[in-house]
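Listed here are the chains, written in short residue letters.
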Amino acid sequence: MERLGTGIGWRPEIADAVERMPGIDWVEAVAENVCPGHLPESLLRLRERGVTVVPHGVSLGLGGADRPDEDRLTALAERATALGSPLVTEHIAFVRAGGPLTASPRLEAGHLLPVPRTRDALDVLCENVRIVQAALPVPLAVENIAALISWPGEEMTEGQFLYELADRTGVRLLIDVANLHTNHVNRGEDPAEALADLPLEAIAYVHVAGGFERDGVWHDSHAHPVPRPVLDILTDLASRVSPPGVLLERDENFPEPSELEGELTAIRGALEKGREQAGGSSEESGGESVTVAAGRATKTGPDTAADTPLDTAAAVSATAPARQRLALAQTALLSALVAGTPVPEGFDRVRVGVQARALAGKRADVVAKVAPELPVILGAGYRAAFLGYAHGHPMGAGYRRDALDFAGYLLDSGLPEDPHARAGLREWWLERSGTRPRSHRPTVRLARATRRVLLRR
């Protein structure tokens with residue numbers, strides 16, 4: 001695995017600043033926000049300078065009960081090729097549930113939700129990872145996520161779960177030290193114990209990010225400065241192994257470039273402190289080495305099992321019962337979070353409520369970004385109106401469809417009460433709900449108005 005160095009998450013809002021930052025060896029771009037045929041000029045310029053670009057996926061749902069969607073896999077592979085990336089990363093999470101496995105409507109979380117650390121979930125995750133590895137032109141690395149809630153009846157710690165995943169699949173690990181801190185605050189998990197259990201030689205790179213605490217709950221916002229406890233975990237990790245790369249994530253509330261550069265300096269300082277604690281260990285970790293074989297990361301060395309091809313038919317048969325059980329469990333939880341159904345037995349009801357409100361708030365924020373006209377049309381009442389809609393209307397087909405459904409719901413309910421706002425909302429909905437944009441030519445507009453009058457008679 002090549003050394004990546006120090007990097008930062010590339011986002012359009014800070015693209016110019018990232019290009020000017022000194023000491024940036026590589027960047028990471030959200031895969032779903034990059035079109036292979038129309039790469040942003042900023043990323044192209046960075047690539048021309050020799051800066052590595054890594055696509056970071058957020059929508060595969062590797063920890064879900066369903067097998068990875070072929071279209072999403074193809075899109076991820078295309079992005080890796082277009083960017084000339086040395087690897088692709090995704091999350092150990094589920095993002096949707098329901099569907100054929102449960103004979104229930106498909107539900108979308110719009111968020112990364114934790115996978116239960118059980119044998120069933122591990123078996124399904126391992127098969128899903130192998131499917132993705134076979135479809136990608138470069139190795140895959142998977143990231144541990146932050147969580148507000150814990151699953152009842154878990155059979156492994158996070159470190160044990162990740163160790164078995166890497167051991168069984170040869171997948172690389174993207175370790176987010178901010179997520180380890182989040183899980184320490186929210187779930188009482190010791191970051192040092194997690195690091196002690198990890199297969200450190202499998203680490204591809206490390207994420208560092210900020211958040212905030214409210215009412216005893218840590219929110220992994222990616223919109224706040226990196227706190228000292230997160231840097232301390234990074235130092236602990238660096239005292240155990242020299243990570244190939246470290247990256248600063250920031251998704252919102254972007255500060256001045258000088259502040260981001262200051263955070264990168266603090267990250268470098270935490271790494272150096274860890275190296276000093278390790279006694280000046282070499283750049284490469286000892287023990288097992290990691291090679292790339294057949295487009296996937298594979299551990300080699302003593303006590304390493306052979307990396308055999310996935311027998312798809314046998315795997316389908318072996319994991320079918322586990323997928324069914326996992327599907328039912330994840331659907332019950334997601335339904336409680338987004339559709340207001342009863343909280344499954346064993347879960348902390350208060351925490352589930354906190355998570356449900358966070359998901360609804362995130363939906364409102366993202367819909368406002370993908371459809372910025374809606375907050376303008378609805379004014380100060382947008383957020384309250386959306387949260388009222390979200391309570392009984394779970395998302396089933398992505399944020400753009402969610403925006404249309406929200407507007408349709410308001411119109412069907414005779415809202416908003418202001419006639420001018422309602423007319424504007426209706427025009428917005430009609431413009432976007434058809435198969436093609438509506439014409440603005442005067443003759444066409446007159447014909448539409450005439451048709452509406454005739455239909456009312």
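Everything discussed here concerns the structure shown above.
Predicted, not measured: the structure shown is a model, and the values here were computed from it. (Residues numbered from 1 in each chain as written. Predicted model: local features only at pLDDT ≥ 70, side-chain atom pairs only at ≥ 80, totals over all residues. Heavy atoms only, no water.)

(A) Up close: the packing of helix H14 (residues 399-412) against helix H15 (residues 419-433). Direction vectors running N to C along H14 and H15 enclose 140°, while the axes themselves pass 10 Å from each other. When the axis of H14 is compared with that of H15, the two are oblique. Considering the relative orientation of H14 and H15, their crossing is left-handed. Here Ala403, Leu404, Ala407, Gly408, Leu410 and Leu411 of H14 lie close against H15, whose contacting residues are Arg422, Leu425, Arg426, Trp428, Trp429, Arg432 and Ser433. Taken together, the residues of the contact of H14 with H15 break down into eight nonpolar, two polar and three charged. (Axes fitted to C-alpha atoms, helices over the stretch in contact; angles between N-to-C directions. Helix = DSSP H or I, 4+ residues; strand = E, 2+ residues; numbered from the N terminus. Parallel < 35°, antiparallel > 145°, perpendicular 65-115°, else oblique. Left-handed = near helix turned anticlockwise from the far one by under 90°. Contact = heavy atoms within 4.5 Å. Nonpolar A, V, L, I, M, F, W, Y, C, P; charged D, E, K, R; others polar.)

(B) Up close: the pairing of strand E9 (residues 203-208). The buried count for E9 comes to six of six residues, which makes it a mostly enclosed element. By the bridge criterion, four bridges tie strand E8 (residues 172-176) to E9 in an arrangement that is parallel. When the bridges of E9 are listed, Asp176 appears paired with His207. Direction of pairing for E9 relative to strand E12 (residues 245-248): parallel, over a ladder of three bridges. Pairing of His207 across the sheet is with Leu247, part of E12. (Buried < 20%, exposed > 50% of the residue type's maximum accessible area, 1.4 Å probe, protein only. Pairing = 2+ DSSP bridges.)

(C) Spotlight on the pattern of salt bridges. With the rule as written, the count across this model stands at 22 salt bridges. Across the pair Arg106 and Asp66 runs a salt bridge, and its minimum N-O distance is 2.8 Å. One end of the pair, Arg106, is in strand E6 (residues 104-113); the other, Asp66, is in the loop between strand E3 (52-56) and helix H3 (70-83), with 40 residues separating them in the sequence. Taking relative accessible area as the criterion, Asp66 reaches 25% and is therefore assigned partly exposed. Between Arg363 and Asp402 there is a salt bridge; the shortest N-O distance is 2.8 Å. Here Arg363, found in helix H11 (residues 349-370), pairs with Asp402, found in helix H14; they are 39 residues apart in sequence, far enough to count as distant. The class of Arg363 is buried, set by a relative accessible area of 4%. For Asp402, a relative accessible area of 2% gives the class buried. Put simply, Arg117, Glu154, Glu158, Arg187 and Glu189 are held in one network by salt bridges that share partners. (Salt bridge = Lys/Arg side-chain N within 4 Å of Asp/Glu carboxyl O.)

(D) Region of the structure containing the nonpolar core. By size, the foremost hydrophobic cluster in this structure holds 77 residues, and its most contacted members are Val27, Leu43, Leu165, Val208 and Leu234. At seven residues, the largest contribution of residues to this core is made by helix H4 (residues 119-135). Non-local contacts of Leu165, meaning those with residues more than four positions away in its chain, are made with Ile92, Leu122, Leu125, Cys126, Val129, Val142, Gly170 and Val171. Counting 20 residues, the second largest nonpolar core, distinct from the first, contains Tyr389, Ala403, Ala407 and Leu425. (Core = buried A, V, L, I, M, F, W, Y, C linked by side-chain atoms within 4.5 Å.)

It is worth stressing that arrangement in space is one thing and function is another; only the former is reported here.
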